[in-house]
Amino acid sequence: MAQTDADRSTGVGRSALAGFYILVAAYVATILWFAGSYRPDTALFPTVVGGAVALGICARVGTRIVGVDSGITDDFRPDVTDEPRPRMAAVVLAWATALVGAIAVVGLLPATTFVVSTFIIVHTRDLRLAFVGAVVVFAVGYLLFQLVLEASSYGGLLWDWIGVRPLV
Amino acid sequence: MTTAVFLVTGGFESELLLAVRSALGFVLSARGIALIVAGTLLGLVMGILPGLGGPVALSLLIPLTFDVHPLVAFTLMAATLGGVNFGGSVTAIVLNTPGTAPNAATLFDGHPMAKRGEATNAIATSAVASGIGALLGLVLFAAFLPFIAPVALSFWSPEYFWLAVVGLATIAAAARGSMLDDLIAGGVGVMLTFHGISTVTGGIRYTGGTQYLQGGVPLVPTLIGLFAVAGMAHIFTQETVATSAQTGGSRMSGALAVADRWRQTLRSGVVGWFVGVIPGVGGTVANFVAYLQAKRSASDPSKFGTGVVDGVIASEAANDAKDGGSLIPTLALGIPGSASTAVLLGAFLLHGLTPGPLLLTEGLEVIVVIVLALVASNLLTSVIGLVAADRLATVTRLPTVLVVPVVLAISTIGAFAVRGQFVDVVVAVLFGFVGYLMLVADISRVALIIGIVLGGIAEENFHRSLQISEGSYAIFVTRPGSIALIVVLLVVVSLPIYDAFRNRDVNADKSTEHDRD
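Nothing here was measured: the structure is a model prediction, and the numbers come from that model. Counting restarts for each chain, with residues numbered from 1 along the sequence as it is written. The order in which chains are written sets their letters, starting at A; the order in which ligands are written sets their numbers, starting at 1. pLDDT decides what is reported in this predicted model: residues at 70 or higher carry local features, side-chain atom pairs at 80 or more are listed and counted, and totals for whole chains, interfaces and linings draw on all residues regardless. Only hydrogens and water are removed before side-chain values are computed, so all heavy atoms of the structure are retained for them.

**Q** Explain the overall build of chain B to me, and be specific about the residues and the numbers.
**A** Numbering of helices and strands starts at the N terminus; helices are DSSP runs of H or I of at least 4 residues and strands are runs of E of at least 2. Broken down by element type, chain B carries 23 helices and two strands. Taken over 517 residues, chain B has a buried fraction of 61%. Taking all contacts inside chain B whose residues are at least 6 apart in sequence as the whole, residues at least 24 apart take part in 79%. Each accessible area is a Shrake-Rupley result for a 1.4 Å probe, and residues are judged covered by the shown protein chains and nothing else. Here chain B has roughly 18600 Å² of accessible surface; of this, 65% comes from carbon and sulfur atoms. Here the term buried applies to any residue with accessible area under 20% of the maximum for its type, exposed to any over 50%, and partly exposed to those in between, with areas from a 1.4 Å probe on protein chains only. When checking whether two residues touch, look at their non-hydrogen atoms; a contact exists if any pair is within 4.5 Å.

**Q** Kindly report on the pattern of salt bridges, identifying the contributing residues and their values.
**A** Residues and elements named next belong to chain B. One speaks of a salt bridge when a side-chain nitrogen belonging to Lys or Arg is within 4 Å of a carboxyl oxygen belonging to Asp or Glu. A full pass over the atoms with the stated rule returns 10 salt bridges over all chains. Between Asp300 and Lys303 there is a salt bridge; the shortest N-O distance is 4.0 Å. The class of Lys303 is partly exposed, set by a relative accessible area of 46%.

**Q** Explain the interface of chain B and chain A to me, and be specific about the residues and the numbers.
**A** Residue-level contacts link 69 residues of chain B with 76 residues of chain A. We define buried area as the total accessible area lost by two parts upon association, computed with a 1.4 Å probe and summed across both. Taken together, both faces of the contact between chain B and chain A bury some 6200 Å²; the carbon and sulfur share is 79%. At the junction of chain B with chain A, the criterion picks out one salt bridge. A salt bridge links A:Arg60 to B:Asp181; the shortest N-O distance between them is 2.4 Å.

**Q** Could you give me a rundown of the packing of aromatic side chains, with the residues and numbers involved?
**A** Whether two aromatic rings pair depends on their centres lying within 6.5 Å, for rings of Phe, Tyr and Trp, where Trp uses its six-membered ring; planes under 30 degrees apart make the pair stacked, over 60 edge-to-face, and the rest tilted. Summed over the entire model, instances satisfying the criterion amount to 16 aromatic pairs over all chains. When the ring of A:Phe119 is compared with that of B:Phe236, the centres are 5.4 Å apart and the planes differ by 55°; the resulting orientation is tilted. Of the two residues, A:Phe119 is situated in helix α4 (residues 108-124) and B:Phe236 in the loop between α10 (219-235) and α11 (251-260); the pairing between them involves two chains. Taken together, A:Phe45, B:Phe161, B:Trp162, B:Phe462, B:Tyr473 and B:Phe476 form an aromatic cluster joined through their ring pairs.

**Q** Tell me about α10(B), and please be specific about residues and values.
**A** Given a helix with a known number of residues, its expected span is that number minus one, times 1.5 Å. Taking 1.5 Å as the rise per residue, α10(B) with 17 residues should run 24 Å; its terminal C-alpha atoms sit 24 Å apart, in good agreement. Across the 17 residues that make up α10(B), a large majority, 17, are buried.

**Q** Could you give an account of the environment of B:Arg267, with specific residues and numbers?
**A** All names here are of chain B. Here Arg267 shows up in helix α12 (residues 262-277). A relative accessible area of 39% means that Arg267 is categorised as partly exposed. Taking the C-alpha atoms as reference points, Arg267 and Gly186, separated by 81 residues in sequence, lie 34 Å from one another.

What follows is the structure in structure tokens.
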């Protein structure tokens, strides 16, 4: 039977739920594991809260096995403005990851300006829009953050390797 | 004892007057006015663009304002909040999509009005109703604060502990999806506060041997990741935010409609305010509750949903009044009343202000500035809405392919700017992944933030109470304030259980009727 939009939506939701709980379970296990190596007063809250969350996860898994409603409904959810489209979201998150890598290499402002304009060109081929995006980011990042707020910037490994101090 | 003397001699009232005088001086200065205008415009844009809204706007503002005076920071943030509320209604009316969750009920009647060619009417109505609702909410806040203040000022470490626990328990009461999921998210938020050096016990925990985590998991990158990065991943599902804006109608008719229905406006404002006072619930629910109340009391309820102006008035007046209500638990008790105020609480911590009863002595001027900035911002949005009603909707024509990368880039710049650490940028993106998972799985990100904000307060005051009582746990159950809060906790915890039983009975009745058929 072909998947409907609702099925896909619920399927994506269940996958996201499973992914979230895998992360949380690993985190809770770490918290409880290391709690044993701390002083009793320091370990009290981590043990109590970690134990409670672990019990919650077990209860959640139990409701899934028994078949109780997982809580993902088709009702109107004001936080969600559209059906989840995991491929589109993955694109954005992949770009965000690439942005982090670019910042590490070439520095904060060059990376953000370059990635924004590249993103727009890749998805629209609109050079004017890419220029607008780059200008906005540069204005906010340099004029507002660095000049007005005197926030520090990040130079990037490339400039350290070359031995050149970047302008921004 | 000192607190009792303070109250008896009317110390709070005189402190309040001094704070009002000082705050007025700041807000009415050139810098104050500039901050209010800038914040309002920013909030308007963030509210108009679906998927952004108050939490994203505030999480982007926090790195911009972390190093400035708290008065400057909170004037800007409060003005932004004021702008967001109205901005979201524009999108609801023109596009049938709420710009922010609390504007959801506005589209029931606002969009049908737009389809009839009365979008300008609807936006003007929204502008005026929002302004009146906000003013009413803030007047009620100011009126109730002197009654709440003495109670809050008598709180001590055991009460702070129970207050934090009550705040965490509201996650259960306010859950919209799975309560268990939201509680687990809150628990994860509490666990995130365990990293670093404990301020009470002095122990170092969960740092992995790194210096980075000795100060704990950084709050600003976490907020930016959960809301801004995750939000951008989610709104990249449509090419543009808008197609063509449908405008038409009369501004004056829209404004006069509110004057004609002043009783409904005030009633909805009061309803919104009271719902806003309930911690954790306010934001999304206030406009629905007021809308339903207006519909039930209308002479012809069947007309609601077809484009009656009363529906827009009820939703918008309540939506703005709720901010005044949610300030009570947020500022006076340290329990967030909505998603935006949860982020605002994080901002308080960053500026060294402890939200809750202590704020009434340490940060009274900041509280007054927030109230005044909200008033000014809401008046300004009413004027902007009336003057530029037909132009505001064109902001929604911004393509998401421009909005998404720009917001992502500014988010990473902001995440770095607070502490100048590259790892903060990595943390922001990592929490973006987590936030996206939570968003799609319908798990409350606000619950996680509540856990982060209140978890540290709960633990710190628990250990401090034990130090005061020299190890005796009786201190948690013998003080009148503590007993009152335990009762509140039991009520809060029993609400979802009561709801579950009631829903089971309703479903049982429905299936009995179905079998009968």
